[in-house]
Amino acid sequence: MSARTGTAAPSPAAATTPPVVDTTAPAREPGADGGRGSRRRAERHHVPLHRVLRDRVLRRPTGLAGPAGAARSAGRGKWRRGWLVAGAAAVLAALMALNPWLPNGPFNLASLWQTVLPWSGLGVVLLLLLAALRRSALAAVAVLLPALVWSVLFAPVLLDKRAVGGDFTVVSHNVNEDNPDPGRTARALAGSGADVVAVEELARGAQETFRRELASAYAFAEVHGGVALWSKYPLKDVEPVEIMPWTRAVRATVVTPKGPVALYTAHLASVRVLPEAGFTTFARNEAAGRLAAAVEREPLSRVVVVGDFNGSFDDAALRPLTGPLRSAQREAGDGFGFTWPASLPVVRIDQILVKGITARSAWTLPDTGSDHLPVAASLKL
């Protein structure tokens, strides 16, 4: 106690310790935030259920952590990517399935597509590789669609349908006007054993060579321009068929032991693929139409049409000619029977077509030195 005032003296601790003041948080009066804090706390406790589902299910790849969650996320990712590959697969399947009805357009692209249609299977393989690179389950499943369409179109063609029992064999060959060794080609045809050999694109300078090489095996011969016939059986009513300004087709009656057969051999106009014009098929299609009209007028019931058509059996532009006829290769062959180019055949443009006759077997002969492979068929009359 102080002697002067009569009060107690402060303790040393109280005299030296300053008061504690909170300098980090400014003092606020009640309600200074306008109630925002209260609303936020209330909202956290009243979030709508649809927002919770959206945030937790749709936005987050998985609710699991660790390897299991990563695996589930990767699995869902395989179905979310690869849309471009899947779309390309759908387009390819549509082009394959609808190919007979595709409009040709100014560049005849439908005819070109139909000519190379068997090779559309490479597109399926390419898309499958892209699906694997993208690790896309969606794309892999989508590629199954064009694969299925291709199988429906061409799996029957790949089967070996050859059988015995034919009694009339015909060979057709574009021998190449610029053939450097016509003697080799003629000898190969003479050794084929066919009853009738039909030749297209026979050069004038090679005619005597062919006559000499084929004379011993074939008693009957007819040469008209670049088209010629050699036969073991008599040939009657032989006459050119005017499908172009110069002779490119011939019609003959082959007098077989089982009755007459009308035989047409033709070389339709050539085609080219040009950047400015596309697939140039106008002259070919016009010649095919004239040949189709002649075949339609044919009085005999048994008809064989052979030759270089410069187009495949699937080409819709050739349907006036091929529609009423059947392909011996499709009916009794083994595989596609590609004929051109001879060194590495990628398309069948040389055909043997029949009506009123059953094809028992069909095949291609080995390279003879021409730029085409010969085609052959054994027919049941």
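What comes next concerns the included structure. (Residues numbered from 1 in each chain as written. Predicted model: local features only at pLDDT ≥ 70, side-chain atom pairs only at ≥ 80, totals over all residues. Heavy atoms only, no water.)

**Examining the overall build of the protein**
- Each helix and strand in the protein was counted, giving 13 helices and 14 strands.
- Looking at the protein as a whole, 41% of its 381 residues qualify as buried.
- Taking contacts inside the protein between residues at least 6 apart in sequence as the whole, the part at least 24 apart equals 65%.
- By element, 61% of the accessible surface of the protein is carried by carbon and sulfur atoms, the whole surface being about 20900 Å². (Helix = DSSP H or I, 4+ residues; strand = E, 2+ residues; numbered from the N terminus. Buried < 20%, exposed > 50% of the residue type's maximum accessible area, 1.4 Å probe, protein only. Contact = heavy atoms within 4.5 Å. Areas by Shrake-Rupley, 256 points an atom, 1.4 Å probe, with all protein chains shown as cover.)

**Concerning helix α10 (residues 207-214)**
- Those residues of α10 lying buried are Q207, T209, F210 and L214. The buried side chains of α10 occupy one side of the element, clustering within an arc of 160° when seen end-on. Exposed and facing more than 90 degrees away from the buried side of α10 are E208 and R212.
- Tucked inside the fold, the buried residues of α10 contact α9 (182-190), β2 (196-200), β3 (220-224) and β4 (227-231). (Arc of directions from axis to C-beta.)

**Focus on the pattern of salt bridges**
- Taken as a whole and judged by the stated rule, the model has 10 salt bridges.
- The salt bridge partner of R162 is D160, with a shortest N-O separation of 2.9 Å.
- For R162, the salt bridge goes to D334, with nearest N and O atoms at 3.3 Å. Of this pair, R162 sits in the loop between α8 (137-158) and β1 (168-174) while D334 sits in the loop between α13 (328-332) and β12 (350-355), placing them 172 residues apart in sequence.
- One salt-bridge network, in which partners are shared between bridges, spans D160, R162 and D334. (Salt bridge = Lys/Arg side-chain N within 4 Å of Asp/Glu carboxyl O.)

**Looking at the sheet that holds β2**
- One open sheet accounts for six strands, arranged β3-β4-β2-β1-β14-β13; its pairing is mixed. Since the sheet does not close on itself, it has two edges, and those belong to β3 and β13 (358-364), each with one partner. Direction aside, neighbouring strands of the sheet carry axes that sit 15° apart on average.
- Bridge count between β2 and β4: four bridges; the pairing is antiparallel. Bridging across to β4, V199 finds its partner in A228.
- Most of the contacts of α10 go to β4, to which it runs at about 10°, and overall it touches β2, β3 and β4. (Pairing = 2+ DSSP bridges. Axes fitted to C-alpha atoms, helices over the stretch in contact; angles between N-to-C directions.)

**Concerning the sheet that holds strand β6 (residues 249-256)**
- The strand order β5-β6-β7-β10-β12-β11 describes an open sheet built from six strands, whose pairing is mixed. Bordering the open sheet on either side are β5 (235-240) and β11 (326-327), each of which pairs with just one other strand.
- Examined bridge by bridge, strand β10 (residues 303-308) and β12 share six bridges and lie antiparallel to one another. By the bridge assignment, G307 is partnered in β12 with Q351.
- The strands touched by helix α11 (residues 282-296) within the sheet are β7 (259-267), β10 and β12, with β7 carrying the most contacts at an inclination of about 175°.

**Topic: α9**
- When we look at burial in α9, the residues that qualify are P182, G183, T185, A186 and L189. The buried side chains of α9 occupy one side of the element, clustering within an arc of 160° when seen end-on.
- On the buried face of α9, the contacting elements are β1, β2 and α10.

**Here we look at the nonpolar core**
- Among the nonpolar cores identified, the biggest contains 27 residues, and V170, L229, V304, I352 and L379 are the most heavily contacted of them.
- Every residue in contact with L229, bar those within four places of it in the chain, is listed here: V196, V197, A198, F220, A221, E222, L235, V250, A252, L263 and T265.
- Membership of the second largest hydrophobic core comes to 22 residues, among which are A269, A287, A288 and L325. (Core = buried A, V, L, I, M, F, W, Y, C linked by side-chain atoms within 4.5 Å.)

**Considerations on the side chain of R284**
- Take R284: it is sitting in helix α11.
- The contacts of R284, once residues within four sequence positions are left out, are S111, L268, A269, V271, F279, F309, N310, G311, D315, A317 and L318.

**Here we look at the packing of aromatic side chains**
- Under the criterion given, the structure shown has six aromatic pairs.
- Each ring, one from W150 and one from F154, has its centre 5.4 Å from the other, and the planes form 50°; the classification is tilted. Residue W150 and its partner F154 are located together in helix α8, separated by four residues, close to a single helical turn. The burial state of W150 is the same as that of F154; both residues are buried.
- Both rings, one in F210 and one in W230, keep their centres 6.2 Å apart while their planes meet at 35°; by these two values the pair is tilted. Residue F210 is found in helix α10, and its partner W230 is found in strand β4; the two are separated by 20 residues along the sequence.
- Owing to a relative accessible area of 2%, W230 belongs among the buried residues under this scheme.
- Here the aromatic cluster, defined as three or more aromatic residues joined through ring pairs, consists of W119, W150, F154, F336 and F338. (Phe/Tyr/Trp six-rings, centres within 6.5 Å; stacked < 30°, edge-to-face > 60°.)

**Digging into a nonpolar patch on the surface**
- Together, V116, W119, L122, L344 and V346 give the surface a local cluster of nonpolar side chains, amounting to about 450 Å² of exposed area.
- Taking the relative accessible area as the measure of exposure, V116 reaches 34% and is therefore partly exposed. (Patch = residues over 30% accessible without salt bridge, like charges linked within 9 Å, V, L, I, M, F, W, Y side chains within 5 Å.)

**Structural notes on the packing of helix α5 (residues 83-97) against α8**
- Interaxial distance between α5 and α8 falls to 8 Å at its minimum, and their mutual angle equals 15°. Taken as axis vectors, α5 and α8 run roughly parallel relative to one another. Between α5 and α8 lies a crossing of left-handed hand. Of the residues in α8, those in contact with W83, V85, A86, A89, L92, A93, M96 and A97 of α5 are L138, A139, A142, V143, L145, P146, V149, W150 and L153.
- Among the residues making up the contact of α5 with α8, the classes are represented as 17 nonpolar, no polar and no charged. (Parallel < 35°, antiparallel > 145°, perpendicular 65-115°, else oblique. Left-handed = near helix turned anticlockwise from the far one by under 90°. Nonpolar A, V, L, I, M, F, W, Y, C, P; charged D, E, K, R; others polar.)

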